[in-house]
Structure formats: C-alpha cells, structure tokens
Amino acid sequence: MLSLKHLSKTYADGTRALSDITLTVHEGEIVALIGGSGCGKTTLLRLIAGLDRESAGRIRLDGEVLSGPHPAVGIVFQEPRLLPWLTVFENIAFGLDGVSAAEKNARVSHALEKIGLSEHANRWPRDLSGGQQQRVSIARAFVTNPKVLLLDEPFSALDAFTRASLHEHLLGLWEETRPTVVLVTHDVQEAVTLADRAVVMQPKPGRIFDELPLTLARPRDRTGLPFESSVRRILTALDHSLKAPQEQPQRERDRQAAALWW
Amino acid sequence: MTSSRESAVSGNAETVAWSSQEGAAALAAPDFAEKRRAFDGRILLGFLLPIAIALLWEAAVYFGLSQGRLIPPPSRILATLEALAKTGELWAHSWMTLWRVLTGFAIGAVAGIVLGTLSGSSRTIRQFLDPTLQALRAIPSIAWVPLFILWLGIFEASKVALIAVGVFFPVYLGIAGAILSLDRKLVEVGHVFRLSRLQLARRILLPAVLPEAVIALRSGLGLGFMFVVAAEFMGASEGLGYLLVDGQQMGKPDQIVAAIIAFALLGKIADSLLVVASMPLVRWQDTVRERL
Ligand SMILES: Nc1ncnc2c1ncn2[C@@H]1O[C@H](COP(=O)(O)OP(=O)(O)O)[C@@H](O)[C@H]1O
Ligand SMILES: [Mg+2]
C-alpha cells in the first residue's frame, strides 16, 4: 500500500507545486491522476520516485518511509529516455544489474515478447518509432518487478492508434505481477480505460480536487454506456475544478447514489 | 515520418505491418548494395581534379612550356620521394615526427581529459580552474616557444611541450563541454535504478561523453601535427619539418612538396587509426554517420 500524507512541495524559487496531498493507493490498484498542466502531477511522481525531496509530509510504501529512489518503485517518464548507446535488449536489462545472466535473459526476452518487440531486441533505440521506444521504456520499468509503477503521461506524445495499442501492452504487462500503478494523464478516455480510480487535481497550489472510483468490469468496452458516463463524470469534475477553485467538491458518494438510481 | 507510420498501423495489425516492412527491407537489400557501389564510384570523382592538374603540369614541363624549377612536376616529386624512401631518410624523418606528435599528444590528451573531466563535473573546480585555462588559451601557443626553449632546452622536451600544449586545449574544452552538456534526464534514469557515483560514471557519463571525446581527441591530434611543424622549424636536425626547412635552404622544392605529402599521409593515417580504434566504442552512432 502506497500512502501519501500531507505531502507538500515548494520549489526553491517559491513555486508551491503541491500542497497537502493525502492519498492512499491500495496494492494492485491503478490510480489515474488527472489535471491540467501545472497541477503538480509530475512533481508528485518525482517525489514518490525519490528524484526530488518533499518540503513537508511523508510517503510510505507498506509502512516503510520512502526517502530517495527505492528498488520497489519504478517510473516511466513522459519521454522514453532510453540510453542511445544500448540496444533495445540492453536498455530493458538496464535495471537488472545484480541478476544472473540467465535470469536476465529470460526476463528481458519475456518482456520483449509482451511488448511485441522480440525481433527488435538488437536494434538501437534511434531506429525505433516513438511508440516502440515508449514500449521499451515501459518494459525497462516492468522487468525489475516493482511494487509501485509510476507513469508520467507516457503516451501523451503518441497518436490515438498507437496509444490504444500501448494501453493493451501496458495492461498485458500489469496483469502478470499486478503492481500498484499511479498513472498521470490529461486524457480522460485513457484514465477510464486503465484506472480503478481517477484523482482530479487542481493547480496553484497543486492539490486534490476530487476522487472518482471507476468500477467498470475489465476488459473495458470503450463504446459502452458505462464508459461514456464515467468519462462524463470525470469531465464534469475537471470542469468544476477549473471553474470554482474554492468550491468544495460534490462528494463522490452522492454521485454514486445517483448513478445507482439511474 | 515516424508518426505517419505509427498512425497507419494499430493494434494487432501493427505486427503484420512491421513484418511486411522487414520483408520489404530484405528485398531492398541488393538495391542498397548497388547504391553503395555507385557511391564508391562517386568518390573517385574527387580524384579527377587533382589528377588532371598534375597531368597538365607534367605535360607543361615535358613540352618545355615551363621549367618546373620552382614548381616541380609530379614525376620529379615522386622520384624524390622514392629516393628519400630508398636511403631510409623518409622513414627516419617520419618516425621522428610521429614520435614527437604521439608523445606530445599523449601528454596533452591525458592532461586535457583529466582537467576537462574535473572541470566538467564539479562547479567549484570549474570556477577555480576554467578562467585561468581560458586566459592561457588566449595566448597563441607558438608564443610559448622561447620560454619552453629557455626552460627545457632546444632538444626534444621543448618540442614535445609545445605539441602537448597545442593538443591540450581542444581536448580539455571538448571533454568539459561534453560533460556539461550531458542530458540530465539520462542521469535521472541512473538515479531511478540507484546507481552509485562510480556506476553512474561508468554506465552513463562515459558512454554519453565518448563520441564528443573522440572528436575532441581528433582535433587535438590535428593540432598536434600542426604544432610539430612549428616545433621542427625551430632548429631540428631530424623530422619532416626539418626536411621542409632543409628543402627551402637548399632550394629543393621537390623535397618540400615530398615532405608535405608525407605530412598529409602521416596525419591522415594517425587520424584514421584513432577513428578505427574508437569505432567499437561509438558503434551506436554509426547509423547516423552512415546517413550523413
Ligand atoms: N524544478 C522546478 N523548479 C521550480 N518550479 C517548478 C519546477 N518543476 C515544476 N515547477 C512548477 O511546479 C508546478 C507544477 O509543475 P509540474 O509538476 O510539472 O506540473 P504538471 O506535471 O501537472 O504539469 C508548475 O507551476 C511548475 O512551473
Ligand atoms: Mg507533467
């Protein structure tokens, strides 16, 4: 269980990127962080990944306080960040330093198969398309079997077709070990496709505006009515978060009751 | 281009599209080989102009249009080269020059790499060291010669020192610059996987900096050859630079041109060896270089 308690981050230049974030993510849960640009989503992931230090508050993973990068926490950045001097295979194996060669080989090969890039194992990253590169970077994070996987708008630079296929690849990898996932996105459809819960954020300072459970059965039918209504609920929450920054969010329970009635 | 390819395929169709693309690539392979051959032919095009000029000049001298005293015809230059090679002088002089360049290069390059690394990786050291080095760089290196001769004598040490100074600056600047421009985002990947400082240097810093380091070493080597001429001009009894001076004093332009050709070949060979030696290290960049 990943728990964030009263987390705040103020940058050296005085920017209040996050203010009093409290959030609990259960084991194996996929949480989508949604919000406009500047809400502090990236900041939040960087704090959890240990790449930046929080100004106040605590991050705990299964009771252990996280301070700095942790072996059980993996991150996929917005851009692939592959090492150009390593082949696809070597890039995926980058985090498997202490692992035996045979084990490394098996794990990377399996991951390559999962992301459909087995034939490209020995190519250089620069010879891959953007979508392929991002898949490699997802595989690199997955092969170390992290308990928590952080994804920072990993598909935002890709077109809709590629994105849809990457969603499948991601879920395919997730199914195997079921890590806890925190996914940052500005794409509401993506959130409803992947997540168990959507957390809507609000800027200046970055904070949580509302949380909406997404209890649709998997695999999710993007054309179904429940999907549509979930998308609409999130859009409404986003709308409120922008229009009335001071207004208390209408709690999710009420809305769920309404949904049941409907 | 990538995005259009990406958008043309989706879901399961993707793998199919790729395999067919690879099929296409396999079919295209002979075509590529053909292109290469055509390319090789085009390289020969570059030889045309110098060969034509050489032949014209040869003919002009042959038919008495020119005496060829100050500008010797190619045949005489070749004959001089051959004579120098036969007596063993050419090799002795070349070897001497090469030894000076390599010794100076080794000293200058090591100093440049060490100080460049320090200056590139620590802000404090950079602020301490860099202004002085930049000030020294502003001095034309040849201006050091009298001092070096006073300090180190007129023999090898002062020559090697001059060459080392010439090599040092491009290497220092190249290495420090490469480290400074290192992508912070890639370093963060190292942090995420909890690499130690040493591992970070070995697995991320070093490979990232290598291509630029090779370029810096190559320009250092080039300058080394430039400065060896200067060094050998000031009183040497051996070396290709000595052949140049000797040719001038004895009025032997063919010997001068022969020495120039030897210089060019030596420099080119040394540079090529450096490139070949570094090839396995910067293999991943080859694709780009091929395309250029
Ligand atoms: N290193 C930094 N130094 C100062 N301010 C920063 C830094 N990184 C982000 N910020 C500021 O913090 C706020 C949140 O940024 P970010 O976490 O990147 O938002 P998001 O990912 O939601 O777009 C923004 O106002 C941004 O300008
Ligand atoms: Mg961001």
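Scroll up for the structure.
All of these numbers come straight from a predicted model, not from anything done at the bench.

Chemist: Account for the site of ligand 1, naming residues and giving values.
Modeler: Residue and element names in this part refer to chain A. In the vicinity of ligand 1, the contacting residues are Y11, D13, T15, A17, G36, S37, G38, C39, G40, K41, T42 and T43. C39 places a polar main-chain atom, nitrogen or oxygen, 3.1 Å from an oxygen atom of ligand 1. Between ligand 1 and the protein, one listed contact pairs an oxygen atom with a side-chain N or O atom of T42 at 2.6 Å. Relative to its free-state accessible area of 560 Å², ligand 1 is covered by the protein chains to the extent of 62%. With three residues, helix α1 (residues 41-49) is the largest single contributor of residues to the shell around ligand 1. Its residues assigned to classes, the shell around ligand 1 comprises three nonpolar, seven polar and two charged.

Chemist: Break down a nonpolar patch on the surface for me, with residues and values.
Modeler: A surface patch of nonpolar side chains, amounting to about 520 Å² of accessible area, comprises B:I43, B:L44, B:F47, B:I51 and B:L55. Relative to the assigned elements, B:I43 resides in helix α2 (residues 13-62).

Chemist: Tell me about helix α3 (residues 74-87) of chain B, residues and numbers included.
Modeler: Residue and element names in this part refer to chain B. Under the 1.5 Å per step criterion, the end-to-end length of α3 is 20 Å for 14 residues, consistent within 8% with the ideal 20 Å. The set of residues buried in α3 consists of I77, T80, L81 and L84. Projected onto a plane normal to the axis of α3, the buried residues spread over an arc of 100° and lie on a single side. Exposed side chains of α3 directed beyond 90 degrees from the buried face belong to L78 and K86. Buried positions along α3 lie against α4 (89-121), α10 (240-249) and α11 (253-278).

Chemist: Before we move on, can you summarise the packing of aromatic side chains with the specific residues and values?
Modeler: In this structure the tally under the stated criterion is six aromatic pairs over all chains. Centre to centre, the rings of A:F94 and B:F193 are 5.8 Å apart; their planes meet at 70°, and the pair counts as edge-to-face. Of this pair, A:F94 sits in the loop between α2 (88-92) and α3 (101-114) while B:F193 sits in the loop between α8 (184-192) and α9 (197-233), each in a different chain. Of the two residues, A:F94 and B:F193, both sit in the buried class. Taking the centre distance of 6.3 Å and the plane angle of 50° together, the rings of B:F148 and B:W151 count as tilted. Of this pair, B:F148 and B:W151 both sit in helix α6 (residues 145-152), three residues apart, which is roughly one turn of that helix. Among the residues examined, B:W151 registers a relative accessible area of 58% and is labelled exposed. Through successive ring pairs, a cluster of aromatic residues spans B:W144, B:F148 and B:W151.

Chemist: Requested: an account of the interface of chain A and chain B, with residues and values cited.
Modeler: It is common to give the size of an interface as the accessible area that goes away when the parts come together. Of the residues lining the interface, 34 residues belong to chain A; the matching set on chain B comes to 32 residues. Interface of chain A and chain B: buried area, both sides summed, is about 3000 Å²; carbon and sulfur atoms make up 60% of it. Here B:E188 makes a salt bridge to A:R46, at a shortest N to O gap of 2.6 Å. At the boundary of chain A and chain B, one finds six residue pairs in polar contact (both at pLDDT 80 or more). Listed by contribution, the elements that provide at least two residues to the side of chain A that touches chain B are α4 (130-142) and α5 (160-177) of chain A.

Chemist: For the side chain of B:K159, give the residues involved together with the corresponding values.
Modeler: All names here are of chain B. Structurally, K159 is set in helix α7 (residues 156-180). Of the side chains with opposite charge, E156 comes closest to the buried, unpaired K159, at an N-O distance of 5.1 Å. With residues up to four places along the chain from it excluded, the contact list for K159 reads R100, I154, A231, E232, M234, G235 and A236.

Chemist: Got a sec to walk through α7(B)? Specific residues and values, please.
Modeler: Residues and elements named next belong to chain B. With 25 residues, α7 extends 36 Å between its outermost C-alpha atoms, agreeing within 8% with the 36 Å of an ideal straight helix rising 1.5 Å per residue. Most pronounced at F168, the bend in α7 amounts to some 25°, and the proline P170 follows within four residues. By the criterion of burial, α7 is predominantly enclosed, with 20 of the 25 residues buried.

Scoring rules and cut-offs
- Residues numbered from 1 in each chain as written.
- Chains lettered and ligands numbered in written order.
- Predicted model: local features only at pLDDT ≥ 70, side-chain atom pairs only at ≥ 80, totals over all residues.
- Heavy atoms only, no water.
- Near = heavy atom within 4 Å.
- Polar contact = N/O pair within 3.5 Å; in protein donor to acceptor, adjacent residues only side chain to side chain.
- Areas by Shrake-Rupley, 256 points an atom, 1.4 Å probe, with all protein chains shown as cover.
- Helix = DSSP H or I, 4+ residues; strand = E, 2+ residues; numbered from the N terminus.
- Nonpolar A, V, L, I, M, F, W, Y, C, P; charged D, E, K, R; others polar.
- Patch = residues over 30% accessible without salt bridge, like charges linked within 9 Å, V, L, I, M, F, W, Y side chains within 5 Å.
- Salt bridge = Lys/Arg side-chain N within 4 Å of Asp/Glu carboxyl O.
- Expected span 1.5 Å × (residues − 1).
- Buried < 20%, exposed > 50% of the residue type's maximum accessible area, 1.4 Å probe, protein only.
- Arc of directions from axis to C-beta.
- Contact = heavy atoms within 4.5 Å.
- Phe/Tyr/Trp six-rings, centres within 6.5 Å; stacked < 30°, edge-to-face > 60°.
- Buried area = accessible area lost by both parts, 1.4 Å probe.
- Lys, Arg positive; Asp, Glu negative; His and termini not counted.
- Bend = angle between axes of the 7 residues up to and from the residue.

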